[in-house]
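Chain by chain, the residues:
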Amino acid sequence: MDIQTTTPFMLVTLLMLSLPLTGALMAATPYLMPKRECFAVTVPDAAVADPYLRRLKRIYAIGVLSLTALFTVAAAVAFLMGSEGIAIGTFIAGTLAILVCGYALMLRFRSKVRAYKRERGWEASASLAAGFVGTEDIPHALSLRWDLLYLPLMAVTLLIGIALYPDMPARVPQNIDLQGNVVNWMDKSIGVVLFPVLLVAFLGLCMTAAHWSIVRSKRPTDPAMPAASAWAYGMFARAQSFMLVAGGLALGLVGPVMELSFGGAISIWVAAAASLVLIFAMVAAWIGVSVVYGQNGARLLTRMSEADSMPSDDDRYWKLGIFYYNPDDASLFLPERFGIGWTLNWGRRAAWALLIGDIAVVVLFIGGIAFLIG
């Protein structure tokens, strides 16, 4: 079986594998959050052992995993029967269903936890916070200087394109279908050489922006164990920033691979296979790191003592469980309330400016591609 035949098989196989990975991470999310957060509601640390809350987490996990299994089996059956198009459609529908239904189920259980919290009388006696004046011994996210590595990657991509341009065929294959046949072509031009460079630049910009949000994020610190929680969050931030840099640069190799494909040094099927492996490897590695560390490094603190009190309660600032709105908080970025990663403080104007800027960058990128290869 040659690469032209195996590439479509690899595409669908990786998609089928990514579906259960997505569902499994979604199902595990309640168990990856800090002890003091249950379905985006602040609770005492000791509530992690509460039978009712544990049952809610278990029901959530079973529901998401059941939905994941249903769509995974359906997609796999369609693929094995030779209906690749139906398999892809099932994968897309399944991924959306897992995300939408998972979020809807979280909102339902969030309401239950809030009611249970009122019933149990769980209230913060004060609004305590902790911080550090000297942070030399606390781990930090990687420096933004690591993102400068995208510049030599862009240069290498451009040099490969220039070197192969004289031997580039008059028509360059652009993409293939699930049977491995070329369905779109591009005429030879300078734009074809610049397209992969623009792709690497866009990817580097997105990854650098995500890295910047980690570096500038509010550092959550538990007043009950300030040193341990600061250390755990620092380890989490370092691991996530490392994944962004390493994963982003690995994905950036798609640029040189595309240039080699356009120049005829490798076939489009080899390029497609290499790109798929890079993307899947990055996603799988990120999921692995997320499970090992947990949100804010919560998995590193599982053996710490559990308090019955709540030093603070900021539930009122979290809208629908995932949107943080607090105009009085100077922080622009902060960790997610339900999920792995960071979010914006929508109570600050800068957050909306960033959103508009992100949309503008995407529009410019799409417009640039259309201009180069159109």
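Since the structure is predicted, the reported quantities are computational estimates derived from the model, not experimental observations.

Visitor: So what's going on with the overall build of the protein? Residues and values would help.
Guide: The helix and strand inventory of the protein stands at 9 helices and 8 strands. The long-range share in the protein, meaning contacts at least 24 apart out of those at least 6 apart in sequence, stands at 75%. Working note: accessible area of the protein is about 18,800 Å², and carbon and sulfur atoms make up 68% of it.

Visitor: Could you give me a rundown of the pattern of salt bridges, with the residues and numbers involved?
Guide: For the coordinates displayed, the defined rule picks out 8 salt bridges. A salt bridge links E37 to R337; its shortest N-O distance comes to 3.7 Å. Placement of E37 in strand β1 (residues 37-38) and of R337 in the loop between β7 (333-335) and β8 (342-344) is noted, with a sequence separation of 300 residues between them. Comparing E37 with R337, the two get one shared label, buried. Note that K218 is salt-bridged to D329, the shortest N-O span being 2.9 Å. Within this pair, whereas K218 is found in the loop between α5 (190-215) and α6 (226-252), its partner D329 is found in the loop between β6 (323-324) and β7, the two being separated by 111 residues in sequence. Of the residues examined, K218 reaches a relative accessible area of 36% and is grouped as partly exposed. One salt-bridge network, held together by shared partners, links E37, K117, D313, D314, D315 and R337.

Visitor: Quick one: what's the story with the packing of helix α4 (residues 150-164) against α5, residue by residue and with numbers?
Guide: A pair of packed helices is characterised by two quantities: the angle between their axes and the separation of those axes. Packing of α4 against α5 brings their axes to within 8 Å, and their N-to-C directions diverge by 170°. When the axes of α4 and α5 are compared, the pair comes out roughly antiparallel. Counted together, Y150, L153, M154, T157, L158, G161 and I162 of α4 and V193, L194, P196, V197, V200, A201, G204, M207 and T208 of α5 form the full contact between these two elements. Per-class residue counts for the contact of α4 with α5 are 12 nonpolar, 4 polar and no charged.

Visitor: Help me get a handle on a nonpolar patch on the surface, residues and values and all.
Guide: Taken together, the side chains of W352, L355, I359 and V363 make up a nonpolar region of the molecular surface, amounting to roughly 390 Å² of accessible area. Residue placement: L355 occurs in helix α9 (residues 349-373). Residue classification places L355 among the partly exposed residues on the basis of a relative accessible area of 33%.

Visitor: Describe a positive patch on the surface, and please don't skip the residues or the numbers.
Guide: Residues R54, R55, R58, R108 and K112 make up a contiguous surface patch of positive charge. Element by element, the count of residues in the positive patch is highest for helix α2 (residues 51-80), at 3 residues. Among the residues examined, R58 registers a relative accessible area of 44% and is labelled partly exposed.

Visitor: Go over the packing of aromatic side chains, please, and point to the residues and values.
Guide: Within this structure, the stated rule accounts for 13 aromatic pairs. Aromatic pair W346 and W352: ring centres 4.9 Å apart, planes at 55°, arrangement tilted. Judged by relative accessible area, W346 falls into the buried class, the value being 17%. Look at W352 and you get partly exposed, because its relative accessible area is 46%. Ring pairing ties together the aromatic residues F39, Y60, F109 and F338, which thus form one cluster.

Visitor: Describe the environment of G264, with residues and values.
Guide: Along the chain, the position of G264 falls in the loop between α7 (254-262) and α8 (268-293). Separated by 97 residues in the primary sequence, G264 and D167 place their C-alpha atoms 7.6 Å from one another.

Visitor: Give a description of the nonpolar core that names residues and reports values.
Guide: Within the largest apolar cluster, 28 residues are counted, with the highest numbers of intra-cluster contacts made by F39, V43, L53, Y60 and V113. Every element with two or more residues in this core is listed here: α1 (3-32), α2 and α3 (84-120). Of all hydrophobic cores here, the second largest spans 19 residues; its members include L25, Y233, A239 and W342.

Visitor: Can you tell me about the confidence of the model for the protein, naming the residues and giving the values?
Guide: The predicted model of the protein has a mean per-residue pLDDT of 85, with 87% of residues at 70 or higher. Overall, residues 1-5 carries pLDDT values under 50, and its contacts beyond four positions in sequence, including any with other chains, amount to 9 contacts.

Visitor: Pulling in residues and values, what's your account of the packing of α4 against α7?
Guide: One way to put it is that α4 packs onto α7 with a least axis distance of 9 Å and a crossing angle of 0°. Judged by the angle between their axes, α4 and α7 are roughly parallel. Touching L153, T157, I160, G161 and L164 of α4 are G255, P256, E259 and L260, all from α7. Split into classes, the residues belonging to the contact of α4 with α7 amount to 5 nonpolar, 3 polar and 1 charged.

Visitor: Account for the side chain of N326, with residues named and values stated.
Guide: Within the secondary structure layout, N326 lies in the loop between β6 and β7. Since its relative accessible area comes to 7%, N326 is described here as buried. A distance of 3.1 Å separates a polar atom in the side chain of N326 from a polar atom in the side chain of Y324.

Rules used in this analysis
Every chain is numbered on its own, with residues counted from 1 as its sequence reads. Residues qualify for local features only when their pLDDT is at least 70, as the model is predicted, and side-chain atom pairs are given and counted only at 80 or more; totals for whole chains, interfaces and linings, by contrast, use all residues. Side-chain measures here rest on the full set of heavy atoms in the structure, leaving out hydrogens and waters. Helix and strand assignments follow DSSP, with helices taken as H or I runs no shorter than four residues and strands as E runs no shorter than two, numbered in order from the N terminus. Working rule for contacts: check all heavy atoms of both residues, and any pair within 4.5 Å makes them a contact. Accessible surface is estimated by sampling points in the Shrake-Rupley manner with a 1.4 Å probe; for residues, cover comes only from the protein chains shown. Here, a salt bridge means any side-chain nitrogen of Lys or Arg that lies within 4 Å of a carboxyl oxygen of Asp or Glu. Partly exposed describes any residue whose relative accessible area lies between the buried limit of under 20% and the exposed limit of over 50%, with all areas from a 1.4 Å probe on protein chains only and scaled to the type maximum. Interaxial angles span 0 to 180 degrees and are taken between N-to-C directions of axes, which are lines fitted to C-alpha atoms, for helices over the stretch in contact. When describing relative orientation, an angle under 35 degrees is termed roughly parallel and one over 145 degrees roughly antiparallel, while 65 to 115 degrees is termed roughly perpendicular and anything else oblique. Charged means Asp, Glu, Lys or Arg here, nonpolar means Ala, Val, Leu, Ile, Met, Phe, Trp, Tyr, Cys or Pro, and polar covers whatever is left, Gly included. To count toward a patch, a residue needs a relative accessible area over 30% and no salt bridge; like charges are then connected within 9 Å, while nonpolar side chains (Val, Leu, Ile, Met, Phe, Trp, Tyr) are connected within 5 Å. Counted charges follow a simple rule, with Lys and Arg positive, Asp and Glu negative, and His plus the chain ends left uncounted. Taken as the charge location is NZ of Lys, CZ of Arg, CG of Asp or CD of Glu. Here the aromatic set is Phe, Tyr and Trp, taking the six-membered ring for Trp, and pairing holds for ring centres within 6.5 Å; pairs whose planes are under 30 degrees apart are stacked, those over 60 apart are edge-to-face, and all others are tilted. As used in this record, nonpolar core signifies buried Ala, Val, Leu, Ile, Met, Phe, Trp, Tyr and Cys residues forming a set joined through side-chain atoms within 4.5 Å. Known as pLDDT, the predictor's confidence for each residue is given on a scale from 0 to 100. Counted as a polar contact is a pair of N or O atoms within 3.5 Å, where, for protein atoms, one must be capable of donating a hydrogen and the other of accepting one, and residues adjacent in sequence contribute only when both atoms are in side chains.

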